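Secondary and tertiary structure notes
Read off the chains here:
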Amino acid sequence: MTKFSGLLLAFAGMVAASGQVVAESSDSKIVIKNKSAWAIHQLFLSPTDEREWGEDQLGKHTVNTGDSFTLTGVPCRAYDVRLVDEDGDECIVEDVGICATSNTWVIDDEDLVGCQAATQDD
């Protein structure tokens, strides 16, 4: 799995900015806002200490340009995150700490293109 520092910092900053850190056993809620030019078709989470991706968190949903999607019940821990867009391009961000009652991830063109390039280089 590869890391794109800009998107990772954005994710980490959003978690820290929420200011609502809760006990480790609590679940988190994540709002994903797609401000990129590409629809997001899949989103996978994997605890950083595991090698397998979990189920597609979007299920049958697609996060189109300008749309949002809310994940709920995400256990509090560190994850690797994998996004797949409408062209099948992947973006992988490692070691994203999720431990707050509410996080918002805003994904824009610069984040997605840069992360995809970093993912393809490795």
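Right above here is the structure, for reference.
Described below are features of the structure shown in this document.

Here is what the cut-offs are and how they apply
- Residues numbered from 1 in each chain as written.
- Predicted model: local features only at pLDDT ≥ 70, side-chain atom pairs only at ≥ 80, totals over all residues.
- Heavy atoms only, no water.
- Helix = DSSP H or I, 4+ residues; strand = E, 2+ residues; numbered from the N terminus.
- Buried < 20%, exposed > 50% of the residue type's maximum accessible area, 1.4 Å probe, protein only.
- Contact = heavy atoms within 4.5 Å.
- Areas by Shrake-Rupley, 256 points an atom, 1.4 Å probe, with all protein chains shown as cover.
- Disulfide = S-S within 2.5 Å.
- Pairing = 2+ DSSP bridges.
- Axes fitted to C-alpha atoms, helices over the stretch in contact; angles between N-to-C directions.
- Salt bridge = Lys/Arg side-chain N within 4 Å of Asp/Glu carboxyl O.

Our focus in this paragraph is the overall build of the protein chain. Helix and strand counts for the protein chain come out as two helices and six strands. Along its sequence from the N terminus, the protein chain presents helices and strands in the succession α-β-β-β-β-β-β-α. Per-residue burial for the protein chain yields a buried fraction of 41% across its 122 residues. Within the protein chain, contacts between residues at least 6 apart in sequence are counted, and of these 75% link residues at least 24 apart. In the form shown here, the protein chain has an accessible surface area of approximately 6300 Å², with 45% of it arising from carbon and sulfur atoms.

The next subject is the state of the cysteines. All chains considered together, the criterion is met by one disulfide. The disulfide partner of C91 is C115, and the S-S distance across this bridge is 2.0 Å. Because the torsion about its S-S bond is 100 degrees, the bridge between C91 and C115 counts as right-handed. With a gap of 24 residues between them, C91 in strand 5 (residues 90-98) and C115 in helix 2 (residues 109-121) connect regions that are remote in the sequence. The exposure class assigned to C91 is buried, which follows from its relative accessible area of 1%.

With that out of the way, let us pick up the environment of S28. Looking at the element boundaries, S28 is found in strand 1 (residues 27-35). Each C-alpha atom, one on S28 and one on A100, is 5.3 Å from the other, the two residues being 72 residues apart in sequence. Leave out the neighbours within four places in its chain, and S28 touches L71, T72, G73, V74, I98, C99, A100, T101 and N103.

So, on to the sheet that holds strand 4 (residues 77-85). Across the sheet, which stays open at both edges, the three strands sit in the order 2-4-5 with antiparallel pairing between neighbours. Across the chains shown, the open sheet's two edge strands, defined by having one partner strand only, are strand 2 (40-47) and strand 5. This sheet shows a mean twist of 20 degrees between the axes of neighbouring strands, independent of strand direction. Pairing analysis gives seven bridges linking strand 4 to strand 5, with the strands arranged antiparallel. In the strand pairing of strand 5, L83 is matched with C91.

The next subject is the pattern of salt bridges. Any two side chains of opposite charge can pair, so long as their charged atoms come close to each other. Summed over all chains, the structure comprises two salt bridges. With a closest N to O distance of 3.2 Å, R77 and D49 form a salt bridge. In this pair, R77 sits in strand 4 while D49 sits in the loop between strand 2 and strand 3 (68-75), placing the two residues 28 residues apart along the sequence. Measuring nitrogen to oxygen at the nearest pair gives 3.8 Å for the salt bridge that ties R82 to E90. R82 gets classed as buried once you look at its relative accessible area, which sits at 16%.

If you walk across this open sheet you meet the three strands as 3-1-6, and the pairing is mixed. Pairing within the sheet leaves two strands with one partner each, and these edge strands are strand 3 and strand 6 (103-108). Sheet twist, expressed as the average angle between the axes of neighbouring strands with direction ignored, equals 25 degrees. Where strand 1 meets strand 6, six bridges bridge the pair, whose relative direction is parallel.

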